[in-house]
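# Structural overview
Below, each chain spelled out in residue letters.
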Amino acid sequence: MESKKDISGILKQSYFWDVDIRPGRDVSKRLVIERIFSLGTLDEVAFLIGYYGKEEVEKTLLNLNYLEPRTLNFVSEYFGRSKTEFKCYTRKQLMPQLWNS
């Protein structure tokens, strides 16, 4: 199996303020995908899809526990999926909001 080039040196440090992403360190694919889709540019999103593959990125996004509403709207349209297919959407619907101020 061909190993992929380490992308930790390419990623913006500002997206990963709480994680050590120096080159040579293992970085969670799930974390990278979530942060790039939430904070990155369209060029960075395209790079990420090219790196991991569309199916893998889509599968990861579908199984995330949380996405900001604007990010959920974007990925729903980008991949042509209903919001109800995303775990973060169905999970949010199951959680009662106790205080509505």
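First, a word on what this report is: a plain description of the structure on this page. (Residues numbered from 1 in each chain as written. Predicted model: local features only at pLDDT ≥ 70, side-chain atom pairs only at ≥ 80, totals over all residues. Heavy atoms only, no water.)

### Let's talk about the overall build of the protein chain
The condition that has to hold: Each helix is a run of DSSP H or I of at least 4 residues and each strand a run of E of at least 2, with the numbering of both proceeding from the N terminus. Classification of residues uses two cut-offs on accessible area relative to the type maximum, computed with a 1.4 Å probe and protein chains only: under 20% is buried, over 50% is exposed, and between them is partly exposed. Contacts are assigned to residue pairs that have any heavy atoms within 4.5 Å of one another. Shrake-Rupley sampling with a 1.4 Å probe provides the accessible areas, and residues are treated as covered by the protein chains on show and by no other component.
Each helix and strand in the protein chain was counted, giving 5 helices and 0 strands. The helix and strand sequence of the protein chain, counted from the amino end, reads α-α-α-α-α. By the burial criterion, 33% of the 101 residues in the protein chain qualify as buried. Within the protein chain, contacts between residues at least 6 apart in sequence are counted, and of these 42% link residues at least 24 apart. Carbon together with sulfur atoms contributes 53% to the accessible area of the protein chain, which is approximately 7,100 Å² in total.

### Focus on the nonpolar core
This is how the line gets drawn: What makes a nonpolar core is a set of buried Ala, Val, Leu, Ile, Met, Phe, Trp, Tyr and Cys residues whose side-chain atoms join them at distances within 4.5 Å.
In terms of nonpolar packing, the biggest core is built from 24 residues, with Val32, Phe37, Tyr52, Val57, Leu61 and Val75 touching the most fellow members. Counting residues per element, the ones that place at least two in this core are α1 (29–39), α2 (42–52), α3 (54–62) and α4 (69–79). If you tally residues by element for this core, the top one is α2, at 5 residues. Other than its neighbours up to four places away in sequence, Leu61 contacts Ile33, Phe37, Leu67, Val75, Phe79 and Phe86.

### What about the pattern of salt bridges?
Put simply, the rule is: Each salt bridge in this description consists of a side-chain nitrogen of Lys or Arg and a carboxyl oxygen of Asp or Glu lying within 4 Å of one another.
Overall, the coordinates contain 6 salt bridges when judged by the stated rule. The residue Lys59 makes a salt bridge to Glu56 at a minimum N-O spacing of 3.8 Å. Remark: Glu56 and Lys59 occur in helix α3; sequence separation between them is 3 residues, near one turn of the helix. Beyond isolated ion pairs, a larger network of salt bridges with shared partners links Lys29, Glu56 and Lys59.

### Let's talk about the environment of Lys59
The exposure class of Lys59 is partly exposed, given its relative accessible area of 49%. For Lys59 and Phe86, which are 27 residues apart along the polypeptide, the C-alpha to C-alpha distance reads 9.5 Å.

### Here we look at the packing of aromatic side chains
Each aromatic ring pair is described using two quantities: the centre-to-centre distance and the angle formed by the ring planes. Quick reminder of the rule: Aromatic pairing here means that ring centres of Phe, Tyr or Trp (its six-membered ring) are within 6.5 Å. Orientation follows from the plane angle: under 30 degrees is stacked, over 60 is edge-to-face, and everything else is tilted.
All told, the structure shown has 6 aromatic pairs when counted by the stated rule. Seen in terms of ring centroids, Phe47 and Tyr51 are 6.3 Å apart; in terms of plane orientation they differ by 25°. Their pairing is stacked. Of the two residues, Phe47 and Tyr51 are both situated in helix α2; the distance of 4 residues between them amounts to about one turn of the helix. Take Tyr51: its relative accessible area is 16%, and that puts it in the buried class. With centroids separated by 5.3 Å and ring planes inclined at 35°, the aromatic side chains of Phe74 and Tyr78 adopt a geometry described as tilted. Of this pair, Phe74 and Tyr78 both sit in helix α4, 4 residues apart, roughly one helical turn. By the ring-pair criterion, three or more aromatic residues cluster together here, those being Phe37, Phe74, Tyr78 and Phe79.

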